[in-house]
Each structure stands twice: as C-alpha cells, then as structure tokens.
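Structural features, examined
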Amino acid sequence: MTTENITSCPVCDQKNFSYYLTTKDYTVTKEEFELIKCSNCNLIITCPRPAPQTIGKYYASENYISHSGKSQTLFDKIYLTVRKLTLRWKYQLIKDYFPRPANLLDFGSGTGEFLNYMKGNSWNVFGIEPNDTAREKANLLLGNKVSQDLLFLKNNSIEVITLWHVLEHIHDLNNTIQKLKHLLTPDGLIIIAVPNPQSHDTAHYDNAWAGYDVPRHLWHFSQKTMELLFKKNGLELVDIRPMKLDSFYVSLLSEGYKNPVQSKILTGIKALLEGFISNISAIRSKEYSSLIYIVKSQ
C-alpha cells in the first residue's frame, strides 16, 4: 500500500504534531491507524494514511453502506431509515437559508437519494461522486446528473453546495474548498456536515468511536479548526447547526465496535442511552456528535 505522511497542517501550516490515539478500520480491513494532533491548532489527522491512488480498497466493501445502498444488517437498515428521515430535514434546512429552488451541487453524492429528493422539490441538481459503483447507481436514479469531477461546471454557477460527511474524506483539502468556492454565485452557500471529535459520545467510546472511521476519514475537525479552515479559504461562517440523529447512529456503531460479543438488543439499548446523553450534554456545550457549518464567500 502506498501511504502518505502529513508534514504540514492544512489548517494552520505549522509542522509540529503529537501522537493522539490508535484506532482501526472496523468496516473493511481491521487494520490499525494512528491519529496525530497539530500542536498549534489541534486539528486531528489520520497519519500515515493511504494515498489517493490506494485508498479505494478501503471503500470496496458492501459494508460501506453509503456507496452500496444495500440493507443487509441491522445497522444498515437503521442507517437507511435514518437517511430517509433526514432527507426532508436537509431540504428544510436548506430552505431556511436559501428559500427558492436553484442550482444545487452535492459533492460526494453517494447513490443519489438526496439529489433525487431535491430534484423532486424543483431544484436543478448536480452531483460529484468518485466511487464508480455509487456513481452508477446515482445516475440510474437521476439520469446522468452525477460526474466524477468538477470539470463540467462553470464558476459562479451554483447557489448551494452541500457536503454531507464528505469533507473529512478529501485528501487535497484547501484546493478542493477553493474550487467549490469559485463555483458559488455571489449569494451562494456551502453547507458542510462533519463528525465532531469533541462530542460526548467521542469521549465515551474513545478509540472505538465510529466517527473516526479510519482510514476513510483523513481529518477530524473541531469547531475551532473548522472556523480556522474557513478563514484561511476566504469563507465566512453564517451558522452552525446540529445533526442530532447522528449521535444515535454513531453510538450504535461504536457500541458494536467496543463490545462486539454482546447481544444486539443490549447494544441497541446502550447506544440509544448514549445518544440521548450525548445530545443532552450538547445542549450546554454545543458539541453535538455531528455539526453542520453554513458558510458563504467573504
């Protein structure tokens, strides 16, 4: 496997790092990976990690549900049920900030269900999805609206760009953000959802926390590091919103990783309890399991 090491922090450009923790790829290979932390801005980084040309094998599994779309296990069924529930919620969230239908780009669109929902509500949709299997499924659903790259889109042509748990997967972080920024119309918005390693469920599950999802998740962003990343790239933070359902799904996965031999019923009960505790804790701390950042060009 070809790997890459991070020698300079993409958020603050500093070069000093410290060991953070060791976790493993629970989804595909069971390999262990280290996380390091920037000594300046505290960005957490998976390092070393697979290079862009070799990371594909870590997505090549029917267990990676966002690409396969299949419902085989209890966790898969819960994921797909939650995804259906969140489609309307995502649509309403976008309407809160951009009320009229316009052009929407979903970057990392998976199998296309979100784009299909938005299309059904009069939005003109486009998608980017690098995974061949997921992209083919999306294009069957949407009629060839999903591409492998951004080359077909013109600058200043998109009103809303969404990245639902995608930013943490992107190797070329700043360059990608700049490309997306240039696609925005002057009144456009970028909506970015990422896991939050400062949440209560992260602390509870430690290195079994499913939000780390190594090595697919390359970066692990706190609110501070996200705000610094936006500032570096000339983006203005408009708002931060929680994804409250994520605490339950992430806790369900994490509980299974932490206690693999316990019964599924007990796993579900404990995960439900931790999801509630995490959300209750976040009422005061604002550190929900996943957070959505709404940004615009400065």
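Preceding this paragraph is the structure being described.
Some details on the sheet that holds strand E4 (residues 44-46)
Taking strand neighbours across the sheet as the criterion, the 4 strands line up as E2-E3-E4-E11 in an open arrangement whose pairing is antiparallel. With one partner strand each, in any of the chains shown, strand E2 (17-24) and strand E11 (219-220) form the two edges of the open sheet. Bridge analysis of E4 against E11 gives 2 bridges, and the strand direction is antiparallel. By the bridge assignment, Ile 44 is partnered in E11 with His 220.

Considerations on the sheet that holds strand E12 (residues 235-242)
For sheets, the rule is that strands pair by backbone hydrogen bonds, running either parallel or antiparallel. With mixed pairing, the 7 strands of this open sheet are ordered in space as E8-E7-E6-E9-E10-E13-E12. Edge positions in the sheet fall to strand E8 (146-147) and E12, since each of these pairs with one other strand and no more. Both E12 and strand E13 (residues 290-297) contribute to a ladder of 7 bridges, which runs antiparallel. Bridging across to E13, Ile 240 finds its partner in Tyr 293.

Thoughts on a nonpolar patch on the surface
A surface patch of nonpolar side chains, amounting to about 420 Å² of accessible area, comprises Leu 272, Phe 276, Ile 280 and Ile 283. Its location among the elements puts Leu 272 in helix H9 (residues 264-285). Of the residues examined, Leu 272 reaches a relative accessible area of 47% and is grouped as partly exposed.

Thoughts on the pairing of strand E6 (residues 103-107)
The buried fraction of E6 amounts to 4 of the 5 residues, a majority that puts the element mostly inside the structure. Where E6 lies against strand E7 (residues 124-128), 5 bridges are found, and the strand directions are parallel. Each residue of the ladder has a partner; that of Asp 106, found in E7, is Gly 127. For the crossover that starts at E6, traverses helix H3 (residues 113-119) and ends in the parallel E7, the hand is right-handed. Bridge analysis of E6 against strand E9 (residues 158-164) gives 3 bridges, and the strand direction is parallel. What sits directly across from Leu 104, in E9, is Val 160.

Brief notes about unusual backbone geometry
Between Cys 47 and the following residue, Pro 48, the backbone shows a cis peptide bond with an omega angle of -5°. Within the secondary structure layout, Pro 48 lies in the loop between E4 and strand E5 (49-50). Following Val 214, the chain continues to Pro 215 via a peptide bond in cis, the omega torsion being -5°. The residue Asp 13 is not glycine, and still its phi comes out positive at about 70°. Tracing the backbone shows Asp 13 in the loop between strand E1 (3-4) and E2.

Rules used throughout
Residues numbered from 1 in each chain as written. Predicted model: local features only at pLDDT ≥ 70, side-chain atom pairs only at ≥ 80, totals over all residues. Heavy atoms only, no water. Pairing = 2+ DSSP bridges. Helix = DSSP H or I, 4+ residues; strand = E, 2+ residues; numbered from the N terminus. Patch = residues over 30% accessible without salt bridge, like charges linked within 9 Å, V, L, I, M, F, W, Y side chains within 5 Å. Areas by Shrake-Rupley, 256 points an atom, 1.4 Å probe, with all protein chains shown as cover. Salt bridge = Lys/Arg side-chain N within 4 Å of Asp/Glu carboxyl O. Buried < 20%, exposed > 50% of the residue type's maximum accessible area, 1.4 Å probe, protein only. Right-handed = clockwise from strand over helix to strand, strands pointing away.

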